[in-house]
Every structure is written in structure tokens, then in C-alpha cells.
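Topology and contacts: notes
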Amino acid sequence: MDNLVRTMSENWWVLLLRGIAAVVFGLIALAMPGLTLFVLLITFGVYAVFDGILAIVTGFRRKGQDDQWWAWALDGLLSVLIGLMALFWPAATAVVFVLWMAAWAIVAGIFRIIAAVRLRREIEGEWALGLSGLLLALWGILLVLLPAAGLLGLAWMIGTLAVLIGVVLIVLAFRLKRLRTA
């Protein structure tokens, strides 16, 4: 048994605890999706404000050396503003985020459909690209029509992934425990 496997098998219980924590987090996210989104938005808000302040400082420090220093400062200002929106108006920020996702999905879906039409003479199976574009565009339209459902879906996705990751870590922990006793 190599050193990594030996170390991991001796500390199998750490992976078990991490797995249990992930499952608990995932179940909470599934049971209380609104709280999950609120915490994510607050975390994003803090990050965006911090990132914006650093960009503003960078811009002003470059003022004497760079004619484009103002781009850094403007980028920072926008980051601070969106961060403050996330902190003080999380619901509005969440809806705007879903609408941005919807716009991306619609535009990307249309581009995929156009690419499929252009490729129809050159490759077989272009229908799959066209279908993926159609589905992506339809998803975007649904997000525009039902933005709250998009937010709820995001929270459920986070919760589901956390539970799955937790289960995998728990299984790995018990496999490592068996290795240790073998």
C-alpha cells in the first residue's frame, strides 16, 4: 500500500465526517431552498464587494502608469454595486441572475440551431446540435416566464449534488476503512 492510500485509510473517518456534512447540507438545501439561495447571494455579495474594492485600488495605483486605469476602477465600481445589490436586495439580485441565465440560454440555443442548419450538408447527426439548441432556447424562455422556478431549481441542484457527493465520500470512507483492516 502506498503512502497516500495508507494515510487516507488511517484517516478514513475524516472522509466519513465530510460525507455526512455534505449530505446534511444537501438535505437542508433541498428542504429549505430559499435559505440556500439567500446564503449564496450573501456570500456572492461579500465576494463582489471585496473584489470590487481591490479592482478600484488597482485602478488608482495604475493611474500614473496606465492610460486605461479607469477601466479597472469602473470594473471595481460595478462589482461593488452588484455586491451591494446582492447584500441589500437579494431577491432582486437572484431574479436578475436567472434572467441573465435565460438570455444566455436563448441566445446560445439560437446559435446552436443556426450552426446545425449550416452543418446539415457537411455532417450527419446535426439534428442533435439543433435539438440541443432548441431545448436550450426553450429552457431560457421558461426561465423568463418562471424566474422563481429557476431559482428553486438551482437550489435543488445544489442540494442534490451535495447529497450525491456526500454519499460518494461516505462509500469511499468505508472502503478505506476496510483497506486499513485488511
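Keep in mind the model is a prediction, meaning the values are calculated, not measured.

Secondary structure assignment for the protein chain yields 7 helices and 0 strands. From first element to last, N terminus to C terminus, the protein chain shows the α and β order α-α-α-α-α-α-α. A globule of 182 residues ought to have a C-alpha radius of gyration of about 16 Å, yet the protein chain, at 23 Å, is considerably larger. Considering only C-alpha atoms, the protein chain reaches an extent of 65 × 55 × 35 Å along its principal axes. Relative to its full complement of 182 residues, the protein chain shows a buried share of 29%. Looking at the protein chain alone, contacts between residues at least 24 apart form 74% of all its contacts between residues at least 6 apart. Only carbon and sulfur atoms are counted for the fraction: they give 75% of the accessible area of the protein chain, which is about 12,300 Å².

The subject of this paragraph is the side chain of Ser 79. Relative to the assigned elements, Ser 79 resides in helix α4 (residues 69–88). From its side chain, Ser 79 meets the backbone oxygen of Ala 48 in a polar contact 2.7 Å long. Dropping the residues within four chain positions of it, Ser 79 is found in contact with Ala 48, Val 49, Asp 51 and Gly 52.

So, about the environment of Ile 53. For Ile 53, the location among the structural elements is in helix α3 (residues 33–61). Overall, the relative accessible area of 45% leaves Ile 53 in the partly exposed class. Each C-alpha atom, one on Ile 53 and one on Ser 79, is 8.2 Å from the other, the two residues being 26 residues apart in sequence.

Attention now goes to helix α5 (residues 90–119). With 30 residues, α5 extends 43 Å between its outermost C-alpha atoms, agreeing within 8% with the 44 Å of an ideal straight helix rising 1.5 Å per residue. Those residues of α5 that fall on the buried side of the exposure criterion are Pro 90, Thr 93, Ala 94, Val 98, Ala 102, Ala 105, Ala 108, Gly 109 and Ala 116.

Glancing now at the packing of aromatic side chains. The full count for this structure, using the stated rule, is 2 aromatic pairs. A centroid spacing of 6.1 Å and a plane angle of 35° characterise the contact between Trp 12 and Phe 174, whose relative ring orientation is tilted. You can see Trp 12 sitting in helix α2 (residues 12–31) and its partner Phe 174 sitting in helix α7 (residues 147–181), a full 162 residues away along the chain. Ring centres of Phe 60 and Trp 69 lie 5.2 Å apart, and the angle between their planes is 45°; on these two criteria the pair is classed as tilted. With relative accessibility at 46%, the residue Phe 60 sits in the partly exposed group.

Cut-offs and rules
Residues numbered from 1 in each chain as written. Predicted model: local features only at pLDDT ≥ 70, side-chain atom pairs only at ≥ 80, totals over all residues. Heavy atoms only, no water. Helix = DSSP H or I, 4+ residues; strand = E, 2+ residues; numbered from the N terminus. Rg over C-alpha atoms; globule rule 2.2 N^0.38 Å. Buried < 20%, exposed > 50% of the residue type's maximum accessible area, 1.4 Å probe, protein only. Contact = heavy atoms within 4.5 Å. Areas by Shrake-Rupley, 256 points an atom, 1.4 Å probe, with all protein chains shown as cover. Polar contact = N/O pair within 3.5 Å; in protein donor to acceptor, adjacent residues only side chain to side chain. Expected span 1.5 Å × (residues − 1). Phe/Tyr/Trp six-rings, centres within 6.5 Å; stacked < 30°, edge-to-face > 60°.

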